[in-house]
Amino acid sequence: QVQLEESGGGLVQAGGSLRLSCAASGRTFSDYAMGWFRQAPGKEREFVAAITWRGTGTYYADPVKGRFTISRDNANNTVYLQMNSLKPEDTAVYYCAAGASAVRLAAQYKYDYWGQGTQVTVSS
């Protein structure tokens, strides 16, 4: 089992920045690829970003490319999502997830463990 806990969400004005953190506990963190997903009100949960277990590969959804950066610190069992130039359409609950797969990391079914989510609200 892997337990995941997100933090760092909040209210920010458009154009601002937030850094989300996801702390993992349980099984060996470095064995898992990590992903960030989000769910806006009335919409399905969608892929945001993912990083391979060693951090050598990163993947982003088109709407966040160039604005968001995913990174991980395996020594501290934490994955981060740096979000810059935030837009109102980034408003959502953000979830981190851990999965043993190394491929197709944009697919939700590849992830075995999920956090409870953290709310990000971007005002215009």
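Above this text you will find the structure in question.
Small disclaimer: the values here were computed from a predicted structure and weren't measured.

## Topic: the side chain of Glu6
Along the chain, Glu6 turns up in strand S1 (residues 2–7). Among the polar contacts made by the side chain of Glu6, one reaches the main-chain amide nitrogen of Cys96 at a distance of 2.9 Å. Beyond its immediate sequence surroundings of up to four residues, Glu6 is in contact with Ser21, Cys22, Trp36, Tyr94, Tyr95, Cys96, Gly115, Gln116, Gly117 and Thr118.

## Considerations on the pattern of salt bridges
Under the defined criterion, the tally for this structure stands at four salt bridges. Among the salt bridges present, the one from Lys65 reaches Asp62, with a minimum N-O distance of 3.1 Å. When its relative accessible area of 62% is taken as the criterion, Asp62 is described as exposed. Its salt-bridge partner being Arg67, residue Asp90 comes within 2.7 Å of it at the nearest N-O pair. One end of the pair, Asp90, is in the loop between strand S8 (78–83) and strand S9 (92–99); the other, Arg67, is in the loop between strand S6 (58–60) and strand S7 (68–73), with 23 residues separating them in the sequence. Each of the two residues, Asp90 as well as Arg67, counts as buried. Linked through salt bridges whose partners overlap, the residues forming this network are Arg38, Glu46, Arg67 and Asp90.

## A closer look at the packing of aromatic side chains
Any pair of aromatic rings gets described here by the distance separating the centres and the angle formed by the planes. The full count for this structure, using the stated rule, is five aromatic pairs. Taking 6.0 Å as the distance between ring centres and 80° as the angle between the ring planes, the aromatic pair formed by Tyr32 and Tyr113 counts as edge-to-face. With a gap of 81 residues between them, Tyr32 in the loop between strand S3 (18–26) and strand S4 (33–39) and Tyr113 in strand S10 (residues 113–114) connect regions that are remote in the sequence. Assessed through its relative accessible area of 16%, Tyr113 is described here as buried. Pairwise contacts between aromatic rings join Phe37, Phe47, Tyr111 and Trp114 into one cluster. Here Arg45 stacks its cationic end above the ring of Trp114, 3.8 Å away from the centre of that ring. Directly above the aromatic system of Phe29 lies the positively charged group of Arg72, at a separation of 4.4 Å from the ring centroid.

## Thoughts on the state of the cysteines
Applying the stated criterion to the full structure yields one disulfide. Each sulfur in the disulfide pair Cys22 and Cys96 lies 1.9 Å from the other. On the sign convention where negative means left-handed, the S-S torsion of about 45° between Cys22 and Cys96 marks this disulfide as right-handed. Within this pair, whereas Cys22 is found in strand S3, its partner Cys96 is found in strand S9, the two being separated by 74 residues in sequence. Both residues of the pair, Cys22 and Cys96, belong to the buried class.

## So, the sheet that holds S1
Overall, antiparallel pairing links the four strands, which are arranged S1-S3-S8-S7 in an open sheet. Looking at strand neighbours, the two that pair on one side only are S1 and S7, the edges of this open sheet. With strand direction ignored, the average angle separating the axes of adjacent strands in the sheet is 15°. Across six bridges, S1 lies against S3 in antiparallel orientation. Bridge pairing in S3 links Leu4 to Ala24.

Quick notes on the rules
- Residues numbered from 1 in each chain as written.
- Predicted model: local features only at pLDDT ≥ 70, side-chain atom pairs only at ≥ 80, totals over all residues.
- Heavy atoms only, no water.
- Helix = DSSP H or I, 4+ residues; strand = E, 2+ residues; numbered from the N terminus.
- Polar contact = N/O pair within 3.5 Å; in protein donor to acceptor, adjacent residues only side chain to side chain.
- Contact = heavy atoms within 4.5 Å.
- Salt bridge = Lys/Arg side-chain N within 4 Å of Asp/Glu carboxyl O.
- Buried < 20%, exposed > 50% of the residue type's maximum accessible area, 1.4 Å probe, protein only.
- Phe/Tyr/Trp six-rings, centres within 6.5 Å; stacked < 30°, edge-to-face > 60°.
- Lys NZ or Arg CZ within 6 Å of the ring centre and 35° of its normal.
- Disulfide = S-S within 2.5 Å.
- Pairing = 2+ DSSP bridges.
- Axes fitted to C-alpha atoms, helices over the stretch in contact; angles between N-to-C directions.

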